[in-house]
Each structure stands twice: as C-alpha cells, then as structure tokens.
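Geometric and topological summary
These are the residues of each chain, in order.
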Amino acid sequence: MNEKEMIEEIQRLKKEKNAVILAHNYQIPEVQDIADLVGDSLKLSQEASKTEADVVVFAGVHFMAESAKILSPDKKVLLPVYDAGCPMADMVDAESLRIFKKEYPDIAIVCYVNSSAEVKAESDICCTSSNALKIVKSLKKDKILFVPDQNLGSYIKEQVPEKEIILWEGYCITHHRVKSIEVSAARKGHPDALVLAHPECTKAVVEKADFVGSTAQIIEYAKQSAHKKFIIGTEMGVLHQLRKDNPDKKFYLISPALTCYNMKKTSLEDIYNALKSEQYEIKVEEEIRERAFFSLDQMLKTN
Ligand code: 13P
Ligand code: SF4
C-alpha cells in the first residue's frame, strides 16, 4: 500500500468505526495532517472529555491516551505504539506520594498531566503547561507539592511567592538538555528573532526567553506576533504547524537535541494498524480511574 492508499484506508476505517484521531503537536507531520485535532495536552484532554466518537486513536504518548481513557471510560482508546511513553511521567510513583502525604497530611498535590493514572489518583488536581499557574493560584492550601516536573514547578513557584511549593525532582529528558549557552548562540545568530520556550526547559533557558508557554500557546503567539523570526525552545514537532500557519516567517530550533524520541515513534502505518486491529487498547482499573478522574476533572472545571 502506498501512502495515498493508506491515507484513504485510514479515512475509511475512521468512518466505519466512528473513530477520531487526536494528535499532539510533537507528532510527525504526516500524522498531524491525518488527525482530526492537533493540539497541546490541555486541548487534547478537553476534546477527549467531550468527543462523540466510539473509538479514540491517540497519536501521542501513553499518559495522554490514558488521560483520554480516564475522562471517557466508555470509549475505546487506542495508543498506536504500545511503548510510546514519557520518561518524565515515570519519574514519580504513587507509593512515594502516599509516603509523602503521611508525613505532610495538609499538603495539596498538584500533578502535571505528564504522569500515570496512579499518580493522578493520589493527587488533588492536575495541570498542564498551559494552565499550571491558574491551577496553583486557585488552590486554597498554601503548601503544595508539585510533581513531577521540577522545571515547570520552579517556573510557577517564582510567580506565586505567597505559596510554599515543594518541587519533585523529575524533568523532561528532551527539554532539560537545552543549555542556556545555546540560547545565547541562537540569539547571536538571529539577533532580530524572538525566543519562545516551553516551561519544561530549565530556569536558565526560560529566563532568557521572550515568551514562555505550552506548545499551543507558542504556536498561537507566533501566529499573532508582528515579528518575522523566532527561535523555538520546544520539541521540533511544532515546526510543522508553525511553518504551515506562517509561510512568511522564519523559525529556528534552539538546539538539535529538541527531539522527543517517544513522540516520533508513531507512523502513518501505526495509525492504520491501530484502526484496523483496534490496538493497543488502554485500560485503567476502575478504582484508580475514578480517583484520577477527580484530579483531571478538577483541572478542567478550574480552567
Ligand atoms: P504541551 O501541553 O505544552 O503540549 O506539552 C506536552 C509535553 O509533553 C511537553 O513536553
Ligand atoms: Fe515527555 Fe518530554 Fe517527550 Fe513531552 S517531550 S512527552 S515531557 S519526554
């Protein structure tokens, strides 16, 4: 089957099974182009919570498909590549949180959506990179444990000095390796460009950025801006949408290291196989799902 035939088959299977394809902004261009919706974690979870499809094919990483299942338990949620995971999500576990809660019973736990269902179940509320500040500010408790991303957590902590925020020591292996010296070098190479960075980058990088936001916020900022050149501090997958939206603007990646290996695992063929064989189905134990739902739902209600 050539690519054109495969795209036609995907469209046919989608209709036959009343399926929807959701894709994250970091997916490869061919996958983004076949998706019904491409977005950041927040937009994708909002869509997952209200879709009328029977089958959701989630082109992203495991925690994203799992969040869709938590929000829409009656749907069949498929992750096309069974081992497409997020290493940061594996940097915190539910048992550690239970131990922490025993020691600090009055603390509120805010968990970044890049986390497992079990971790969400132990948390008070979830957040994404686009709403983390709003979520933290909305909490009545003044003492907060933020898991698992120390970089997003530290970015929020600086903006909410009135709260005591304890940071977990997790990080995104992709964003964390961008160095501040690479931002300086990129600025030197393109002095008239604006730097747009994701809050998963380190403090040293974020401090040098002109704008900090989620993948969707970065895409929107570049679209609205009168500027013509941008240095991008997030995973290279966003370049596809940025260039599609702004053919007259120039985009440069801060570092060639900004590639998330897991986000790049899903091919068009994987989407086709997922639809054809209804694989790999995401399952979440009901007791965990209900408690994880609470944290995600709190976020969606606060947003
Ligand atoms: P966004 O919510 O900004 O799309 O980020 C998800 C993610 O995994 C970033 O690395
Ligand atoms: Fe996880 Fe980082 Fe990849 Fe996002 S870019 S999915 S946080 S490893």
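Description of the structure in this document. (Residues numbered from 1 in each chain as written. Chains lettered and ligands numbered in written order. Predicted model: local features only at pLDDT ≥ 70, side-chain atom pairs only at ≥ 80, totals over all residues. Heavy atoms only, no water.)

1. Digging into the sheet that holds strand S12 (residues 250-253)
The sheet built from four strands is open, its strands ordered S10-S9-S11-S12 with parallel pairing. Taken across any chain shown, the strands that pair with only one partner, and hence form the sheet edges, are strand S10 (211-212) and S12. Across the sheet, helix H11 (residues 215-224) lies against strand S9 (194-197), S10, strand S11 (229-233) and S12, angled at about 160° from S9, the strand it touches most. (Pairing = 2+ DSSP bridges. Helix = DSSP H or I, 4+ residues; strand = E, 2+ residues; numbered from the N terminus. Contact = heavy atoms within 4.5 Å. Axes fitted to C-alpha atoms, helices over the stretch in contact; angles between N-to-C directions.)

2. Re the sheet that holds strand S3 (residues 55-59)
Strand order in the open sheet formed by four strands is S2-S1-S3-S4, and the pairing between neighbours is parallel. Every other strand in the sheet has two partners, leaving strand S2 (37-39) and strand S4 (76-78) as the edge strands with one partner each. Each strand axis lies, on average, 20° off the axis of its neighbour in the sheet, ignoring direction. Pairing geometry for strand S1 (residues 19-24) and S3, over five bridges, is parallel. Residue pairing in the sheet places Val 20 in a bridge with Val 56 of S3.

3. Points about the site of ligand 2
Within the structure, ligand 2 sits among Tyr 26, Val 61, Cys 86, Pro 87, Met 88, Asn 114, Cys 172, His 175, Glu 200, Cys 260 and Met 263. Of the residues in the shell around ligand 2, the class split is eight nonpolar, two polar and one charged. (Near = heavy atom within 4 Å. Nonpolar A, V, L, I, M, F, W, Y, C, P; charged D, E, K, R; others polar.)

4. Concerning the site of ligand 1
Close contacts around ligand 1 come from His 24, Tyr 26, Asp 40, Ser 41, Asn 114, Ser 129, His 175, His 198, Glu 200, Ser 214 and Thr 215, and that covers them all. The contact in question runs from an oxygen atom of ligand 1 to an N or O atom on the side chain of Ser 41, over 2.8 Å. Take Ser 129: an N or O atom from its side chain is 2.9 Å from an oxygen atom of ligand 1. Protein contact buries 96% of the 300 Å² of open area that ligand 1 shows by itself. Considered class by class, the residues forming the shell around ligand 1 number one nonpolar, eight polar and two charged. (Polar contact = N/O pair within 3.5 Å; in protein donor to acceptor, adjacent residues only side chain to side chain. Areas by Shrake-Rupley, 256 points an atom, 1.4 Å probe, with all protein chains shown as cover.)

Fair warning: the whole summary comes from geometry, so function is off the table for now.
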